[in-house]
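# Summary of structural features
Here is how the chains run, residue by residue.
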Amino acid sequence: RRPRFFILLAFLLLLLPLPAQAALTPVGAPLAIADESPCSTDQTLEVIATPKGAFEVVWVDDFDFVVKGRRFARNLQPSGPPRTLLPLHGGLFFSELAGIWAGRYELAMNALDFGNNPGDPVTAYRVQLDLEGEPLAPPARVKPPRFLGLAPAAGGDSLQFRFEPPIFGGPGPCQSWGLLARRVDRSGAPLSAESRVNSRASAPALGPLSEVDRLPDDTFVVAYGTCHKFTGVVVRRLNAAGAPVGKPIDLPLPDQPTALALAARGGADLAVAARPSRPSAGAVGVYTWAVVNGQVFGPTHISAPPGASNALLVDLAASPAGGYLLLFRDRDAEPITLFAQELDARGVPRGAPLAITGEGESGATGAIASLPNGRWLVVTRAQSGEGDACRERLVGIVLAGG
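Because the structure is a prediction, the values reported are computed rather than measured.

Along its length, the protein carries 2 helices and 29 strands. In terms of overall dimensions, the protein is globule-like: its C-alpha atoms have a radius of gyration of 21 Å, near the 21 Å expected for 402 residues. Projected onto its principal axes, the C-alpha coordinates of the protein cover approximately 80 × 50 × 40 Å. Burial status across the protein gives 51% buried among its 402 residues. Counting contacts in the protein only where the partners sit at least 6 residues apart, residues at least 24 apart contribute 47% of the total. Here the protein has roughly 17800 Å² of accessible surface; of this, 55% comes from carbon and sulfur atoms. Computed over 36 positive and 37 negative side-chain charges, the separation of the two mean positions in the protein equals 10 Å.

Written out as structure tokens, the structure is:
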């Protein structure tokens, strides 16, 4: 009886979750990305990693009135001091820093420029950085009519997005418009005809809420919020020129999302995280879906950790080895705590969320990149103090997955 009992016990233990193995674990000491400085009110941040583990951190520093970048080698040591990538001017605010690795560091800086044209502020800057993080040329400003933003592509190209009128109504306060995409060169000159992303799909909800991820073959996946035909998220595969490929993937929610993140390894292998706009609709916090070989799993509700009231979405990244990392923060915490949550290939949490920010520091925002050997890099803007006494550290933390 005893051998049978122990065999049965061992089998049952294999079926149980193993927190020690599934937990995220910090590796080494935190990385100082930049010296402590007065807090920046524009907290936009991005990190771009190469497949071998070097990475570039880009951030807005409106105290020094510049966009800065700093490159780190595979040994996690900086190649030099921070560089100025773009000087700022009055009325320029960044909505997104979107970066990819495509043989070079490719960066699109989407912004609102109220200084040059207050009535039509949406603009973008495009720059390529070499292997050491040096700009190959001054950033090019891109601003066509009805502009929404750029997503970086290989060779200095971009996928350019514009909205297509008319604006049309839907149920309740919902309004929608069309979404157009085309490939452009580094100066914004067209390289392809314009395509309607929402062809044979629900239209995007009015506003800039969309996410784009570039795939290794230089094609793209786009996800956008919708309240046309249904409420939720639409995911579409786009070819290198921005034309839709295949059928849309519809991900319903009780209400349209107010925050959205996308991480893709392929057109049929991806994850989406969204936060519904109204808790009264019955959905609170962050929800995830994953697509595995074209099959949709989810939505999965990401529970706030004990002591946290509600999760707000910050970032989502994919690992080439499978799985994802979600970065979120507590809505009502003071100071703000950032949490990292590992997800499996189906978008389901693995282990417990890990608090990233230190005691007494507020995690203003963060960004994620995947590193070799199953590791993650999380870069945060850690702030302490208030008003003129507010100080900020840019910190990188390497995590080992479960």
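Don't stop here, the text continues.
Before going further, it helps to examine the pattern of salt bridges. With the rule as written, the count across this model stands at 17 salt bridges. Between E194 and R162 there is a salt bridge, with the nearest N and O atoms lying 2.7 Å from each other. Taken together, the residues span a long stretch of sequence, with E194 in the loop between β13 (175–184) and β14 (195–196) and R162 in strand β12 (residues 158–169) at a distance of 32 residues. Residue E194 is classed as partly exposed on the basis of its relative accessible area of 27%. Where R237 meets D217, a salt bridge forms, and the shortest distance between an N and an O atom there is 3.4 Å. Of this pair, R237 sits in strand β17 (residues 232–238) while D217 sits in the loop between β15 (210–214) and β16 (220–226); the two residues are 20 residues apart in sequence, bridging distant segments of the chain. Judged by its relative accessible area of 47%, D217 is partly exposed. Here the residues in one salt-bridge network are D157, R183, R214 and D218, joined through shared partners.

What follows covers the confidence of the model for the protein. For the protein, mean pLDDT is 89; residues scoring 70 or higher make up 91% of the total. Low pLDDT, under 50, characterises residues 1–21; the stretch is placed with 2 contacts to residues that sit more than four places away or in other chains.

Before going further, it helps to spend a moment on the packing of aromatic side chains. What the rule picks out here adds up to 5 aromatic pairs. Between F55 and F72, the aromatic rings sit 4.9 Å apart at their centres with planes inclined by 5°, giving stacked as the arrangement. In this pair, F55 sits in strand β4 (residues 55–61) while F72 sits in strand β5 (residues 66–72), placing the two residues 17 residues apart along the sequence. By relative accessible area, which is 1% here, F72 ends up buried.

This part is about the sheet that holds strand β10 (residues 140–142). The 4 strands are arranged β7-β8-β9-β10 in an open sheet whose pairing can be described as antiparallel. Of all strands in the sheet, those with a lone pairing partner are β7 (92–101) and β10, marking the two edges. Going across the sheet, the axis of each strand differs from the next one's by a mean of 25°, ignoring polarity.

The full count for this structure, using the stated rule, is 2 disulfides. Between the sulfur atoms of C39 and its disulfide mate C390 the distance is 1.9 Å. Judged by the sign of its S-S torsion, about -75°, the bond between C39 and C390 is left-handed. Taken as a pair, C39 in the loop between β2 (31–38) and β3 (45–49) and C390 in the loop between β28 (375–384) and β29 (391–400) lie far apart in primary sequence, 351 residues in all. Under the relative-accessibility criterion, C39 is labelled buried at 16%. The class for C390 is buried, based on a relative accessible area of 9%. The disulfide partner of C174 is C227, and the S-S distance across this bridge is 1.8 Å. Looking down the S-S bond of the C174 and C227 bridge, the torsion is 80°, so its handedness is right-handed. One end of the pair, C174, is in the loop between β12 and β13; the other, C227, is in the loop between β16 and β17, and 53 residues separate them in sequence.

The strand order β3-β4-β5-β6 describes an open sheet built from 4 strands, whose pairing is antiparallel. The two strands at the open ends of the sheet, each matched to only one other strand, are β3 and β6 (83–87). Across the sheet, the axes of successive neighbouring strands diverge by a mean angle of 20°, strand direction being ignored. Both β4 and β5 contribute to a ladder of 7 bridges, which runs antiparallel. Bridge assignment links F55 to a residue of β5, and that residue is F72.

Position of S37 among the secondary structure elements: in strand β2. Exposure remark for S37: the relative accessible area of 18% places this residue in the buried category. The contacts of S37, once residues within four sequence positions are left out, are C390, R391 and E392.

Attention now goes to the pairing of strand β9 (residues 122–129). Within β9, 7 of the 8 residues are buried, leaving the element largely enclosed by the surrounding structure. Inspection of the sheet shows strand β8 (residues 105–113) paired to β9 by 8 bridges, in the antiparallel sense. Of the residues in β9, the one forming a bridge with E106 is Q128. Bridging between β9 and β10 involves 3 bridges; their strand directions are antiparallel. Each bridged residue has a counterpart across the sheet, and for R126 the counterpart in β10 is A140.

This brings us to the pairing of β3. Among the 5 residues of β3, 5 are classified as buried, and the element is accordingly described as predominantly covered. Alternating positions in β3 separate into two faces, L45, V47 and A49 on one and E46 and I48 on the other, with burial throughout. As paired elements, β3 and β4 share 5 bridges and run antiparallel to each other. When the bridges of β4 are listed, A49 appears paired with F55.

Our focus in this paragraph is the environment of I100. With respect to the helices and strands, I100 occurs in strand β7. Sequence-distant contacts of I100, that is, excluding residues within four places in its chain, are made with I48, Y105, E106, P152, A153, A154 and R214.

Conventions used here
- Numbering of residues begins from 1 in every chain and follows the order in which that chain's sequence is written.
- In keeping with the model being predicted, local features are shown solely for residues with a pLDDT of at least 70 and side-chain atom pairs are shown and tallied solely at 80 or more, while totals for entire chains, interfaces and linings include all residues.
- By convention in this description, side-chain values take in all heavy atoms of the structure and omit both hydrogens and water.
- The helix and strand labels rest on DSSP assignments: H or I over at least four residues marks a helix, E over at least two residues marks a strand, and numbering proceeds from the N terminus.
- What the globule rule says is 2.2 Å times the number of residues to the power 0.38, and the radius of gyration is computed from C-alpha atoms.
- Accessible area is worked out with a 1.4 Å probe on protein chains only. A residue is then buried under 20% of its type maximum, exposed over 50%, and partly exposed in between.
- In this description, contact between two residues means that some pair of their heavy atoms is separated by no more than 4.5 Å.
- Using a 1.4 Å probe, the Shrake-Rupley method yields the accessible areas, and only the shown protein chains count as cover for residues.
- None of His or the chain ends enter the tally, which takes Lys and Arg as positive and Asp and Glu as negative.
- By convention, charge coordinates are those of NZ in Lys, CZ in Arg, CG in Asp, or CD in Glu.
- The rule for a salt bridge is simple: a side-chain nitrogen of Lys or Arg has to be within 4 Å of a carboxyl oxygen of Asp or Glu.
- Every residue is assigned a pLDDT by the predictor, reflecting its confidence on a scale from 0 to 100.
- The pairing test for Phe, Tyr and Trp rings, Trp by its six-membered ring, is centres within 6.5 Å, and the orientation test on the planes gives stacked under 30 degrees, edge-to-face over 60, and tilted for anything in between.
- Strands are treated as partners if at least two bridges between them are detected by DSSP.
- Helix axes use the C-alpha atoms of the stretch in contact, all axes being lines fitted to C-alpha atoms, and the angles between their N-to-C directions lie in the range 0 to 180 degrees.
- Here, two cysteine sulfur atoms that lie within 2.5 Å of each other are counted as a disulfide.

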